[in-house]
Amino acid sequence: MVLKAFFPTCCASADSGLLVGRWVPEQSSAVVLAVVHFPFIPIQVKELLAQVQQSSQVGVAVLGTWCHCRQEPEESLGHFLEGLGAVFPHEPWLQLCRERGSKFWSCKATHRQAPATPGAASEDQVMLIFYDQRKVLLSQLHPPAALPDRQAGDATASTGGLAAVFDTVARSELLFHSDRFDERPVRLSHWQSEGVEASILVELAKRASGPVCLLLACLLSLVSAAGACRVFKLWPLSFLGSKLSTCEQLRHRLEHLTLVFSTQKAKDPTERMRKANTLISVLLDVALGLALLSWLHGKNRIGQLADALVPVADHPPCRDPCCHQVFRCSISLLQSQHVAEELQHLLQWLMGAPAGLKMNRALDQVLGRFFLYHIHLWISYIHLMSPFIERILWHVGLSACLGLTVALSILSDIIALLTFHIYCFYVYGARLYCLKVYGLSSLWRLFRGKKWNVLRQRVDSCSYDLDQLFIGTLLFTVLVFLLPTTALYYLVFTLLRLLVVAVQGLIRLLVDLVNSLPLYSLGLRLCRPYRLAAGVKFRVLEHQAGRPLRLLMQINPLPFSRVVDTYRLPSCGCHPKHSWGSLCRKLFFGELIYPWRQREDKQD
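Predicted model only: the values in this text are computed from it and were never measured. (Residues numbered from 1 in each chain as written. Predicted model: local features only at pLDDT ≥ 70, side-chain atom pairs only at ≥ 80, totals over all residues. Heavy atoms only, no water.)

A. Spatial organisation of the overall build of the protein. Regarding its fold elements, the protein presents 20 helices and 13 strands. Residues classed as buried in the protein amount to 41% of the 604 residues present. (Helix = DSSP H or I, 4+ residues; strand = E, 2+ residues; numbered from the N terminus. Buried < 20%, exposed > 50% of the residue type's maximum accessible area, 1.4 Å probe, protein only.)

Structure representation (structure tokens):
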């Protein structure tokens, strides 16, 4: 049988002593963690191993002996090491030796008990695998993604041996807290034997983080309690709180801050990584918000925005009589400085003969005047609000100190408020168009002798008398001739509405990017790739006949795409996520497309 012995590279030049580690019987492998040097007292070594085993729940034991022939005579040292097997019994007993003045190694694994099978060898072949103990300790092994033709259980089983090695080194961290400067009865060699890595700033931050987190956790709990007050659950406030992007973003950031400043310690590396990603996301958000705040308050840019915002809502404009007027006006809606007047000229164009189409004159005039009246109301509202625009923008810019995402969410809500008349036009046109489409479909079933069964949710046969067929024919004819006029208004205002939704979608995409991007994990992958391990690769160091095979284990870093998929933070889920098929179906039948997610929405 071939045994695998994982040996740390930091112990290759250590003095002779005992090999301390863990034996993994399922993988027939031994993970060496440290070397205990002479002189030592066996009872003290056993006490140390018992302490490590109690704290880490890892079966740490003496696996064998390590002989580095540099100064000691090989014969006397070999006899002494052979006698240690009786003091520290372990099956199998490893004997690793690095020959003096040579790069060759000798590895043996002996069994003190007689083999169960007659004629079986009492020694096993040993494959020596070197690993960087510091990198393995600090890294986190991720299971490989299961391929389509491969079950996930097979992928997990194939990495079971590597997971045991990484888990053993990670959980035995207590064994590495001593160095050669400590006055302890047992002297060890490991990756920190030359000096324990530490930082005064890190230790001060750890000591100060406890009281600070406790104070901030109390403040956040008070804010959460105030937000859960019954006053905010009344109908107008609860509706606005669930629909406004600003309220959703503030609620989302409150959850992030509660997670970051929680006094509970992270249970596993995944939760620790999530806390770090959330902290970096919040800090970056606040830094970008402060940069935006300093830019807005410099050179009176808020006043310039206020002067430019009022003309955007009302003043004169351009005419484009070509057949592509609808598309050009919809594109220039958010680019020009005369939104309200552009809509007026667009409605006047629709009330004539748009693109040479002959519409129903009476219905066209009624719909045009109805929408023009709403535009006049909107212009009056803008004139009333114009003295307060600069003050509103000043407070909006001041809110950027809460983060760039909060400022962008307020911007999205302001766009929704400034284009509320477009949303009303879209709702009116969609309702009229939807009413006519469903009316035509019902009357078409009447011609075929069918009707919709509401109870069974299916189409059944039905017999109609002559009066019903006559009235149905008249209604069908009226709806067919009125449909082009209604469909044109619905098409125009749907394009305008989709343009506004696209702008809000881009803002929401930027907010979700800042909220969910795992910046800390990406920084680790860029600066210290070994911290996020996707697997390992082996490089052959020595392969000669009569000599043990020696390999070097190197860590394969996790790809950037898997880093993002694995550690991506949850984003705000209040916005709808329609598929293209669902979106096209809703547009064709005139169903409303809400900027927020409805309870009865079915995600495709």
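B. How the structure looks around the environment of Cys-11. Within the fold, Cys-11 resides in the loop between strand E1 (2-8) and strand E2 (17-24). Distance from Cys-11 to Leu-188, taken between C-alpha atoms, is 9.7 Å for residues 177 residues apart in sequence.

C. Structural detail: the packing of helix H8 (residues 245-260) against helix H9 (residues 269-296). H9 packs onto H8 with a crossing angle of 130° between their chain directions and a minimal axis gap of 9 Å. It follows from the interaxial angle that H8 and H9 lie oblique. When the axes of H8 and H9 are compared, the crossing they make is left-handed. Facing H8, whose interface residues are Arg-253, His-256, Leu-257, Leu-259 and Val-260, H9 presents Arg-274, Lys-275, Thr-278, Leu-279, Ser-281, Val-282 and Asp-285. Here the contact of H8 with H9 is built from residues that sort into five nonpolar, three polar and four charged. (Axes fitted to C-alpha atoms, helices over the stretch in contact; angles between N-to-C directions. Parallel < 35°, antiparallel > 145°, perpendicular 65-115°, else oblique. Left-handed = near helix turned anticlockwise from the far one by under 90°. Contact = heavy atoms within 4.5 Å. Nonpolar A, V, L, I, M, F, W, Y, C, P; charged D, E, K, R; others polar.)

D. Quick look at the pattern of salt bridges. If you walk through the whole model with that rule in mind, you get six salt bridges. The residue Arg-253 makes a salt bridge to Asp-285 at a minimum N-O spacing of 3.1 Å. Here Asp-285 lies in helix H9 and Arg-253 lies in helix H8, a separation of 32 residues in the sequence. According to the relative accessible area criterion, Arg-253 is buried, its value standing at 7%. Looking at Asp-285, the relative accessible area reads 0%, which means it is buried. (Salt bridge = Lys/Arg side-chain N within 4 Å of Asp/Glu carboxyl O.)

E. Representation of unusual backbone geometry. Even without being glycine, Ser-28 reaches a positive phi, approximately 50°. Residue placement: Ser-28 occurs in the loop between E2 and strand E3 (29-37). A residue is classified by how much of its surface remains accessible, and Ser-28, at 17% relative accessible area, is buried. Its identity as a non-glycine residue notwithstanding, Gln-457 has a phi of 55°, on the positive side. Looking at the secondary structure, you find Gln-457 in the loop between strand E10 (450-453) and strand E11 (458-461). Look at Gln-457 and you get exposed, because its relative accessible area is 52%.

F. Looking closely at the confidence of the model for the protein. The share of residues in the protein with pLDDT of 70 or more is 82%, and the mean pLDDT across the chain is 78. When pLDDT is averaged over each element of the protein, helix H18 (residues 519-527) comes out on top at 92 and helix H11 (residues 325-331) at the bottom at 39. Residue range residues 312-337 is modelled with pLDDT below 50. Its contacts to residues more than four positions away, or to other chains, number 49 contacts. Residue range residues 600-604 is modelled with pLDDT below 50. Its contacts to residues more than four positions away, or to other chains, number seven contacts. (pLDDT = per-residue confidence, 0-100.)

G. Molecular detail of helix H12 (residues 339-350). Counted at 1.5 Å a residue, the expected span for H12 with its twelve residues is 16 Å, and the 16 Å between its end C-alpha atoms agrees. Counting buried residues along H12, eleven of its twelve residues qualify, which places the element largely inside the surrounding structure. Along H12, the positions that sit buried rather than exposed are Val-339, Ala-340, Glu-341, Glu-342, Leu-343, Gln-344, His-345, Leu-346, Leu-347, Trp-349 and Leu-350. (Expected span 1.5 Å × (residues − 1).)

H. Examining the environment of Gln-57 more closely. With respect to the element layout, Gln-57 can be found in the loop between helix H1 (42-56) and strand E4 (60-68). Its relative accessible area of 58% is what places Gln-57 among the exposed residues. A C-alpha to C-alpha distance of 8.7 Å links Gln-57 and Ser-172, two positions 115 residues apart in sequence. What Gln-57 contacts, discounting residues up to four positions off in sequence, is Val-52 and Arg-171.

I. View of the packing of H18 against helix H19 (residues 560-567). Axis separation between H18 and H19 bottoms out at 9 Å; the angle between their running directions is 155°. Judged by the inter-axis angle, H18 sits roughly antiparallel to H19. Considering how the two elements wind past one another, H18 and H19 form a crossing that is right-handed. Contacts between H18 and H19 pair Ser-521, Leu-522, Arg-525 and Leu-526 from the former with Phe-560, Val-563, Val-564 and Tyr-567 from the latter. Of the residues contributing to the contact of H18 with H19, the split by class is six nonpolar, one polar and one charged.

J. Seen up close, the packing of aromatic side chains. Here the structure, examined in full by the defined rule, presents 14 aromatic pairs. Taken together, a centroid distance of 6.4 Å and an interplanar angle of 35° make the contact between Phe-420 and Tyr-423 tilted. Of this pair, Phe-420 and Tyr-423 are both found in helix H16 (residues 420-447), three residues apart, which corresponds to roughly one turn of the helix. Here Tyr-423 falls in the buried class, since its relative accessible area comes to 17%. These aromatic residues form a ring-pair network of at least three members: Phe-370, Phe-371, Phe-425, Tyr-428, Tyr-489 and Phe-493. (Phe/Tyr/Trp six-rings, centres within 6.5 Å; stacked < 30°, edge-to-face > 60°.)

K. Geometry of the pairing of E11. As paired strands, E10 and E11 are joined by four bridges and run antiparallel to one another. Bridged to Lys-451 within E11 is Asp-460. In sequence, E10 turns back onto E11 through a hairpin of four residues, with Gln-457 there showing a positive phi of about 55°. (Pairing = 2+ DSSP bridges.)

L. Inspection of the environment of Tyr-490 at higher detail. Here Tyr-490 is to be found in helix H17 (residues 466-516). Considering only alpha carbons, one finds Tyr-490 and Tyr-428, 62 residues apart in sequence, at a separation of 8.3 Å. Apart from the residues lying within four places of it in its own chain, the contact partners of Tyr-490 are Tyr-426, Gly-429, Ala-430, Tyr-433, Lys-586, Leu-587 and Gly-590. Among the polar contacts listed, one links the side chain of Tyr-490 to the backbone oxygen of Leu-587, at a separation of 2.6 Å. (Polar contact = N/O pair within 3.5 Å; in protein donor to acceptor, adjacent residues only side chain to side chain.)

M. Expanded view of a nonpolar patch on the surface. A contiguous nonpolar patch, built from Val-231, Phe-232, Leu-234 and Leu-237 and spanning about 380 Å² of accessible area, is present on the exposed surface. Among the structural elements, Val-231 can be located in the loop between helix H6 (200-227) and helix H7 (235-243). Looking at Val-231, the relative accessible area reads 46%, which means it is partly exposed. (Patch = residues over 30% accessible without salt bridge, like charges linked within 9 Å, V, L, I, M, F, W, Y side chains within 5 Å. Areas by Shrake-Rupley, 256 points an atom, 1.4 Å probe, with all protein chains shown as cover.)

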